Structures are given as C-alpha cells and as structure tokens.
Amino acid sequence: MVGIKDVAKRAGVSIGTVSNVVNRPHVVAAATRHRVLSVIEELGYVRDESARQLRAGRSRVMGLLVLDLGNPFFVDVARGAEQAAHAEGLNIITCNSGQRSELEASYLAMFAEQRVRGVLLSPVATSGEALRTFRRTGTPYVFVDRKAPASEASSVSVDDVAGGALGGRHLLETGHRRIAFVNGPAILTQCRDREQGLRNALAGSGAELTVLEAIGLDVTSGRDAGARLLGASPRPTAVFCANDLLALGVLQAMVGAGVRVPDEMAIVGYDDIEFAGAAAVPLTSVRQPARRLGRTAAELLLAETSDTKPERQAVVFTPELVVRESTRVRR
C-alpha cells in the first residue's frame, strides 16, 4: 500500500507537509498543497484512519449491531443513530447478526479489535458467552430495542408488554373471541413480552388464544403461519403478529386463499413499518418510534464516551396503536 512517505518523496516535501495537506490544508501554501494533492491522486494514497485515531486516543466510529437488516424497523433505527452520530462528526458501521449468536459474537469481537468509540447493540440475548466476553474488552455499549439488566448498561426500548396489550384490547373491542398470535423465536425478549401483553389483555374475556411460533420474523415465516391458520378448525377470526413482516406474510396467505380481510380474518402487526400502511389491505399495527430509538441510543452512547460520563439510563418509550383497514369494526 502507498504510504505517507511515498507521497512525500514523490512530491519533494516533508512527511509533515503531507500530513498538513491531509489534515490541515489551510496551513500549506496553495502551490505546495496542489502539488501534494496531485501526487495523492496519482498514487492512490489513502490516509490510515485507524492509526490516526489510535494516536488521538478516541475513535470517530461507532458500531451498530442489529438483529435483522431485512426488517425496515431496524433500517429506521440505523437512520436515527446515523443522524445523531453525524451531528457529532462520527460515522457508524452497521452489522447484521441475523438473530444468530455466533455471528453476533464475531461482530462484537471485530468492534473490539477495531477500537470503536462504542457499540449500539440489539442482542439476540442479554446473557451468553459472547456478551460476557465483549464486556471484558471495556468497550462502551448501549442496548437498543432491549431493556438492559439493572446497572449493566444504558438502554433504549419500547414497552412491548403494553404494545401487546394494545393489540389484544383492540381485537376484543372489534368483536373477536377466537384470536391467534403468530410469535417469533422465543429466545427474543421482545417476542415474549408482546405475547405476555396480549395474554394480559385477554385475561378474563373468555377469548380463545392460539399461539403459533414462527421460525423467523420475516414474510416467509408469516406465509407459513398463515397456511397453518387456514388449516385450523375452528379457524380464528383474528391474528396478531409479533411484527409487521409476519403480518404481511399472513396477509399474503389469506388473500391467496380467497379469505377476506378483515371480514373473515382481521390482522394486526407490530412496528408500523412503511409497508404496513402500503399493503394491499393496509395493516393495523402497533407503532414503535424506530428512528427515535436509534437517535436516543446514539446520544446516550456519545454521552457515556464523553469526558462527563453521566449515570446509565433506561429509556422506555410507549407504543401506540395505528388502526387501518385490516381490523375495521365487524358487522
């Protein structure tokens, strides 16, 4: 690779002059600056940012590790985090664990090796060897979309128990008494909390609840769950899904089988991603403030890595129900 010494030799200047051109161009005479920049372009020189940050003692890069970048919810979380980071002159490296613990461990190790400023983390689980190993590196981190164990780290999350209850009460109020819940992998706290909230809402109502656990939290898993619902007897009249991608898959299965939504099957999703309102039958969904989650988490991490080092915080947002055509009142 071309180094700063190569540029200095070709341009006939000192290494310090090349460094000034790269980092403080205003202190270099125009003619010299132009000559050095021409050599930089000719040789394809790229500044060694890692070495510069190590000398400065503080990285200008934050890590973001999410469960599924195929889910627009996490894309919006990333956008919110980028907004806060860029406002402070920092960049973000975004990685996708795919809900796989071994991949999560690999990315956490990479972040530690790269000496990033800190990590915004949506973990597969808040316990496990990967996270214990990462803690020992001393790299600051903030949980996103997950409440952290007491005093372990700051966290930004949504009250998913309340969100599950919102969806459950809405289905009761619209006349449903045979309700299904399509859940994601049980290892995810968010999924367990949403199911618990739904159960809380249905308690004492006399409603029948059927729970189906999907393999993933994607449209394909939703279609598979929809096929299972179509074969149920008696068939539920409403289904609440742990996220919008599952709900969109269920909707596809129902429409493909000629089941009218919401007349024969009402559907509620969770997250309120952009595609929820744009579906063939616009989906009722429990909205999470995804961009605020990402932005707030990044702000907490920036504060923790500043000289002030404030106390850790657990920020919890309240979800809201957005009612659309997929659950209009039954006649």
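It should be emphasised that the depicted structure is a prediction, and the values quoted were computed from it without experimental measurement.

A. Quick look at the pairing of strand 8 (residues 238-241). Burial along strand 8 is two-sided: the face carrying Ala238 and Phe240 and the face carrying Val239 and Cys241 are both buried. The pairing of strand 8 with strand 9 (residues 266-271) spans 3 bridges and is classified as parallel. Pairing of Ala238 across the sheet is with Ala266, part of strand 9.

B. Region of the structure containing the packing of helix 5 (residues 72-87) against helix 13 (residues 290-304). Remark: helix 5 packs on helix 13, axes separated minimally by 6 Å, with the N-to-C direction vectors making an angle of 40 degrees. Here helix 5 lies oblique to helix 13, going by the angle between them. Pair helix 5 / helix 13 crosses with right-handed handedness. Touching Phe73, Asp76, Val77, Arg79, Gly80, Ala81, Gln83 and Ala84 of helix 5 are Ala290, Arg291, Leu293, Gly294, Arg295, Ala298, Glu299 and Leu302, all from helix 13. Partitioning the contact of helix 5 with helix 13 into residue classes produces 8 nonpolar, 3 polar and 5 charged.

C. Geometry of the domain arrangement of the chain. Here the chain is described as being made up of domain 1 (2-46), domain 2 (58-157 + 288-316) and domain 3 (158-286 + 319-325). The straight-line distance from the C-alpha centre of domain 1 to that of domain 3 is 60 Å.

D. Here's a closer look at the sheet that holds strand 8. Pairing is mixed across the open sheet formed by 6 strands, whose spatial order is 7-6-8-9-10-12. Among the strands making up the open sheet, the edge pair consists of strand 7 (208-213) and strand 12 (320-322). Averaged over all pairs of adjacent strands, the angle between strand axes in this sheet comes to 20 degrees, irrespective of strand direction. Summarising the sheet, strand 6 (residues 178-183) and strand 8 pair through 4 bridges and their orientation is parallel. Note that in strand 8 the partner of Ala180 across the bridge is Val239.

E. Geometry of the pattern of salt bridges. Taken as a whole and judged by the stated rule, the model has 13 salt bridges. Across the pair Glu42 and Arg10 runs a salt bridge, and its minimum N-O distance is 2.4 Å. With Glu42 in helix 3 (residues 30-43) and Arg10 in helix 1 (residues 4-11), this pair connects stretches of sequence that are 32 residues apart. A residue is classified by how much of its surface remains accessible, and Glu42, at 53% relative accessible area, is exposed.

F. Here's a closer look at the packing of helix 6 (residues 101-113) against helix 7 (residues 129-136). At a closest axis distance of 9 Å, the pairing of helix 6 and helix 7 adopts a crossing angle of 5 degrees. By the criterion of interaxial angle, the relationship of helix 6 to helix 7 is roughly parallel. For the pair helix 6 and helix 7, contact is made by Ala105, Leu108 and Ala112 and by Ala130, Leu131 and Phe134, respectively. Residue composition of the contact of helix 6 with helix 7, by class: 6 nonpolar, no polar and no charged.

G. Structural context of the nonpolar core. Counting residues in each nonpolar core, the largest one holds 68 residues, and the members touching the most others are Met62, Leu120, Val182, Val239 and Ile267. Here this core spans two domains, since at least three of its residues come from each of domain 2 (58-157 + 288-316) and domain 3 (158-286 + 319-325). Setting aside chain neighbours within four positions, we find Val182 in contact with Leu212, Ala214, Ala225, Leu229, Val239, Phe240, Cys241, Ala242, Leu246 and Val250. Listed in part, the 15 residues of the second largest apolar core include Leu65, Cys95, Val116 and Phe134.

H. Inspection of the confidence of the model for the chain at higher detail. Model confidence for the chain is summarised by a mean pLDDT of 90, while 94% of its residues fall at 70 or above. Mean pLDDT per element in the chain: helix 4 (residues 49-56) is the minimum at 56, and strand 8 is the maximum at 98.

I. How the structure looks around the packing of aromatic side chains. Following the criterion strictly, the structure yields 5 aromatic pairs and no others. When the ring of Phe73 is compared with that of Phe74, the centres are 5.0 Å apart and the planes differ by 70 degrees; the resulting orientation is edge-to-face. Taking relative accessible area as the criterion, Phe74 reaches 6% and is therefore assigned buried. Judged by centre distance (5.5 Å) and plane angle (65 degrees), the ring pair of Phe181 and Phe240 falls under edge-to-face. Separated by 59 residues along the polypeptide, Phe181 in strand 6 and Phe240 in strand 8 bring together distant segments of the chain. Classification of Phe181 as buried rests on a relative accessible area of 0%. Under the relative-accessibility criterion, Phe240 is labelled buried at 0%.

J. A look at the sheet that holds strand 4 (residues 141-144). Read across the sheet, 6 strands follow the order 2-1-3-4-5-11 without closing on themselves; strand pairing throughout is parallel. Every interior strand has two partners, whereas the edge strands, strand 2 (91-96) and strand 11 (314-317), have only one. If you compare each strand with its neighbour and ignore which way they point, the axes differ by 15 degrees on average. Note: strand 5 (residues 154-158) against strand 11, 4 bridges, orientation parallel. Opposite Ser157, over in strand 11, you have Val316 as the bridge partner. This element, helix 5, spans strand 1 (61-66), strand 2, strand 3 (119-121) and strand 4 of the sheet and lies at about 160 degrees to strand 2.

Calculation rules
Residues numbered from 1 in each chain as written. Predicted model: local features only at pLDDT ≥ 70, side-chain atom pairs only at ≥ 80, totals over all residues. Heavy atoms only, no water. Buried < 20%, exposed > 50% of the residue type's maximum accessible area, 1.4 Å probe, protein only. Helix = DSSP H or I, 4+ residues; strand = E, 2+ residues; numbered from the N terminus. Pairing = 2+ DSSP bridges. Axes fitted to C-alpha atoms, helices over the stretch in contact; angles between N-to-C directions. Parallel < 35°, antiparallel > 145°, perpendicular 65-115°, else oblique. Left-handed = near helix turned anticlockwise from the far one by under 90°. Contact = heavy atoms within 4.5 Å. Nonpolar A, V, L, I, M, F, W, Y, C, P; charged D, E, K, R; others polar. Domains from an automatic or database assignment. Salt bridge = Lys/Arg side-chain N within 4 Å of Asp/Glu carboxyl O. Core = buried A, V, L, I, M, F, W, Y, C linked by side-chain atoms within 4.5 Å. pLDDT = per-residue confidence, 0-100. Phe/Tyr/Trp six-rings, centres within 6.5 Å; stacked < 30°, edge-to-face > 60°.

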